[in-house]
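What the coordinates show
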Amino acid sequence: MELLRSWNHPDEIWALLKFKLVGCSAINSQCDLTLMSSDMRTCYEYLRLTSRSFCAVIMALDEDLRYAVCIYYLVLRALDTVEDDMTIPVDEKIPLLKAFHEKLYEPDWHYTQSKEKDRVVLENFNIISSEFRNLAPVFQSVIADSCREMGYGMTVFLDAKIDTYDQWDEYCHYVAGLVGIGLSKLFTASGLENTVVGQDEAISNSMGLFLQKTNIIRDYYEDILQKRLFWPKQAWIKYGNSLESLKDPRNLNNAVACLNELVTDALKHIPDVLTYLSRIRNQSVFNFCAIPQMMAIATLERCYNNPHVFRKNVKIRKGAAVRLMDQSTSMLAIRNFMNHFCTKIYNRIPPIDPNAGRTRTAVSYGIGPGYSLVRSDQSLLPGKTFYFALFAALLIAPWIRRAITKMP
Ligand code: D61
Ligand code: MG
């Protein structure tokens, strides 16, 4: 089925077939689950259960860092499950979010009142916290600080709506920018990366903002159905009377203009993302950081000027995702992907779009010097005609063989 969806993209067909046979080279993990304590295995199992997007890249990290990042993920997923759970009354939720970091040092603490899909991490938080306390003290303090700041930040936005672009950046800082900052400190503390990676918080913050804004843009429809509003009012007020009204088909033109404005805002983080990735030295850390960013730019390219965002969930093809996962292993590949997706956006900018100029400027940073705007869409791989010919040849091959063997 996935092969059929990618029929028009021979490079994806190749990536899909290779993935089916040997998996992704960037995330073929070398870790042996049989050599671990049972609590450790349990935590990796919670990671598998609660993360589609991050499990594979975390499992491919080098040894000590892998476990710290896994625990970091589970702790924040537990905190986020409290934030997202609309069945927890606000007067219970606020103190819980604020004091969540303290639960890391309460051996028995766990929470059984959640109805959320990822509640397993709250119900078994005692197992996660005991593994947390086994981590090196530097790792513990990075994770606990991050958890304290995020828990506090979540209370700020619990009932307050996101009004301005500054508040949008602030909310995304709390829920994702802090993760970028914390991860960078873990990389440096592990000795795998230079001190500059852990120290440059502004650039680390951008790594998280790019991912979170992409999620918020893509998830418009899903979030609006659940009455969750994450698009900043400063943007949508120019295009409609309410955020919900954008999904009304009569407002489609305005809705798409609003969407394009938010994509343009997200694109401004690209220069920081490229700077950050260019500083990474360890291959497993590089793949871990680069893959989610490439998924994000691919998603933004799908969403840009796409009315489907207001009717359903827009997703990238499995073939495209597999190819990005497999090939996001060097700065050269990253610049090529970034160039490719930015050029595709550039070529779809409607001349009458109110933000056309700003969008052109933003994508030009992703295209980068030394690349032309037209060239990159051409693949180095053989074109469609070649594949049709190959397919036809395979079909008639048995007939030709029979014809040959029948010859005297
Ligand atoms: C390099 C590699 C990975 C990075 C990074 C840099 C910088 C930031 C991030 C990952 C975090 C990106 C978050 C984007 C996805 N958004 C969410 O999951 C929302 O919840 C945010 C709060 C919890 C964050 C949990 C997290 C996520 C990824 C991690 C991690 C912790 C720790 C280590 C590694 C990766 C979102 O979730 C709901 C949903 O999307 O279904 C929400 O509630 O808004
Ligand atoms: Mg959340």
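Note that this is a predicted model, so its numbers are computed, not measured. (Residues numbered from 1 in each chain as written. Chains lettered and ligands numbered in written order. Predicted model: local features only at pLDDT ≥ 70, side-chain atom pairs only at ≥ 80, totals over all residues. Heavy atoms only, no water.)

1. Thoughts on the overall build of the protein chain
Within the protein chain, the secondary structure is distributed over 21 helices and zero strands. Scaling as 2.2 N^0.38, a compact globule of 408 residues should have a C-alpha radius of gyration of about 22 Å, and the protein chain matches this with 23 Å. The principal-axis extent of the C-alpha atoms belonging to the protein chain is close to 85 × 60 × 40 Å. Here the contacts in the protein chain between residues at least 6 apart in sequence split such that 73% fall between residues at least 24 apart. (Helix = DSSP H or I, 4+ residues; strand = E, 2+ residues; numbered from the N terminus. Rg over C-alpha atoms; globule rule 2.2 N^0.38 Å. Contact = heavy atoms within 4.5 Å.)

2. Some thoughts on the site of ligand 1
Residues in contact with ligand 1 amount to 18 residues; listed here are only the nearest, Arg77, Asp80, Asp84, Val175 and Gln212. Take Asp84: an N or O atom from its side chain is 3.2 Å from an oxygen atom of ligand 1. The fraction of the free accessible surface of ligand 1 (820 Å²) that becomes covered by protein chains is 89%. Sorting the residues of the shell around ligand 1 by element identifies helix 5 (63-84), helix 10 (165-189), helix 12 (201-218) and helix 17 (283-303) as the ones contributing at least two each. Sort the elements by how many residues they give to the shell around ligand 1 and helix 5 lands first, with six residues. Residue classes in the shell around ligand 1 are distributed as 11 nonpolar, four polar and three charged. (Near = heavy atom within 4 Å. Polar contact = N/O pair within 3.5 Å; in protein donor to acceptor, adjacent residues only side chain to side chain. Areas by Shrake-Rupley, 256 points an atom, 1.4 Å probe, with all protein chains shown as cover. Nonpolar A, V, L, I, M, F, W, Y, C, P; charged D, E, K, R; others polar.)

3. Description of the side chain of Asp118
As for its position among the elements, Asp118 is in the loop between helix 6 (90-99) and helix 7 (120-123). Those residues in contact with Asp118 that lie beyond four places of it in its chain are Thr50, Arg77 and Thr81.

4. With respect to the nonpolar core
Counting residues in hydrophobic clusters, the biggest one holds 124 residues, and the most contacted among them are Phe100, Trp231, Leu246 and Leu277. Considering every element that reaches this core, the biggest residue donor is helix 5, with 14 residues. With residues near it in sequence (within four places) discarded, Trp231 still touches Ile162, Ile216, Ile217, Tyr220, Trp236, Leu243, Leu246, Cys258, Leu259, Leu262 and Phe310. (Core = buried A, V, L, I, M, F, W, Y, C linked by side-chain atoms within 4.5 Å. Buried < 20%, exposed > 50% of the residue type's maximum accessible area, 1.4 Å probe, protein only.)

5. Things to note about unusual backbone geometry
Phi at Lys227 takes a positive value of approximately 60°, unusual for a residue other than glycine. Secondary-structure assignment places Lys227 in the loop between helix 13 (220-225) and helix 14 (233-236).

6. Things to note about helix 19 (residues 331-348)
Helix length check: helix 19, at 18 residues, gives a terminal C-alpha distance of 26 Å against a target of 26 Å (1.5 Å per residue), a fit within 8%. For helix 19, the complete set of buried residues consists of Met331, Ala333, Ile334, Phe337, Met338, Asn339, Phe341, Cys342, Thr343 and Ile345. (Expected span 1.5 Å × (residues − 1).)

7. Points about empty space enclosed by the protein
All told, the structure shown has one cavity of 30 Å³ or more when counted by the stated rule. Roughly 30 Å³ of internal volume is contained in the largest cavity. The wall of the largest cavity is formed by Ile216, Tyr220, Asp223, Ile224, Arg228, Phe230, Trp231 and Leu243. When residues of the lining of the largest cavity are assigned to their parent elements, the largest contribution, three residues, is made by helix 13. (1 Å grid on protein atoms, 1.4 Å probe; cavity = no way out; pocket = protein on both sides within 12 Å on 5 of 7 lines; lining within 4 Å. Points joined across faces, edges and corners; volume = space filled by probe spheres on them.)

8. A short note on a nonpolar patch on the surface
On the surface, Phe391, Leu395, Ile396 and Trp399 cluster together to form a nonpolar patch covering roughly 500 Å² of accessible area. Counting through the fold element by element, Phe391 comes out in helix 21 (residues 384-406). Taking relative accessible area as the criterion, Phe391 reaches 53% and is therefore assigned exposed. (Patch = residues over 30% accessible without salt bridge, like charges linked within 9 Å, V, L, I, M, F, W, Y side chains within 5 Å. Salt bridge = Lys/Arg side-chain N within 4 Å of Asp/Glu carboxyl O.)

9. Points about the packing of aromatic side chains
Under the definition given, this model contains 16 aromatic pairs. Measuring from ring centre to ring centre gives 5.5 Å for Tyr105 and Phe132, while their planes differ by 75°; the resulting arrangement is edge-to-face. Of this pair, Tyr105 sits in the loop between helix 6 and helix 7 while Phe132 sits in helix 8 (residues 125-132); the two residues are 27 residues apart in sequence, bridging distant segments of the chain. Note on Phe187 and Phe288: the rings are 6.0 Å apart at their centroids and 90° apart in plane angle, and the pair reads as edge-to-face. Of the two residues, Phe187 sits in helix 10 while Phe288 sits in helix 17, which places them 101 residues apart along the sequence. Accessibility classification places Phe187 together with Phe288 in one group, the buried group. Each member of the aromatic cluster is reached from another via a ring pair, and the members are Tyr152, Phe157, Tyr171, Tyr174 and Phe230. (Phe/Tyr/Trp six-rings, centres within 6.5 Å; stacked < 30°, edge-to-face > 60°.)

10. A few points about the packing of helix 10 against helix 12
Put simply, helix 10 and helix 12 touch, their axes get as near as 7 Å, and they point 125° apart. As judged from the angle between their axes, helix 10 and helix 12 are oblique. The hand of the helix 10/helix 12 crossing is right-handed. Residue composition of the contact of helix 10 with helix 12, by class: 10 nonpolar, eight polar and four charged. (Axes fitted to C-alpha atoms, helices over the stretch in contact; angles between N-to-C directions. Parallel < 35°, antiparallel > 145°, perpendicular 65-115°, else oblique. Left-handed = near helix turned anticlockwise from the far one by under 90°.)

11. Comments concerning the side chain of Ser129
Counting through the fold element by element, Ser129 comes out in helix 8. Dropping the residues within four chain positions of it, Ser129 is found in contact with Lys103, Leu104, Glu106 and Pro107.

12. Considering the packing of helix 17 against helix 19
Their axes nearest at 9 Å, the elements helix 17 and helix 19 cross at an angle of 10°. In terms of axis orientation, helix 17 runs roughly parallel to helix 19. Residues Phe286, Ala290, Met294, Ile297, Ala298, Leu300, Glu301 and Arg302 of helix 17 touch helix 19, and the partners they reach there are Met331, Ile334, Phe337, Met338, Phe341, Cys342, Lys344, Ile345 and Arg348.

13. Structural notes on the environment of Ile71
Tracing the chain through its elements places Ile71 in helix 5. In this structure, the C-alpha to C-alpha distance between Ile71 and Glu131, residues 60 residues apart in sequence, is 7.4 Å. Each residue touching Ile71, except ones within four places of it in the same chain, is listed here: Cys43, Ile128, Glu131, Phe132 and Leu135.

14. Notes on the environment of Tyr46
Mapped onto the secondary structure, Tyr46 falls in helix 3 (residues 38-50). Residue contacts for Tyr46: discarding those within four places in its chain leaves Leu74, Val120, Val121, Asn124, Ile127 and Ile128.

All quantities given are derived from atomic positions and should not be read as evidence of function.
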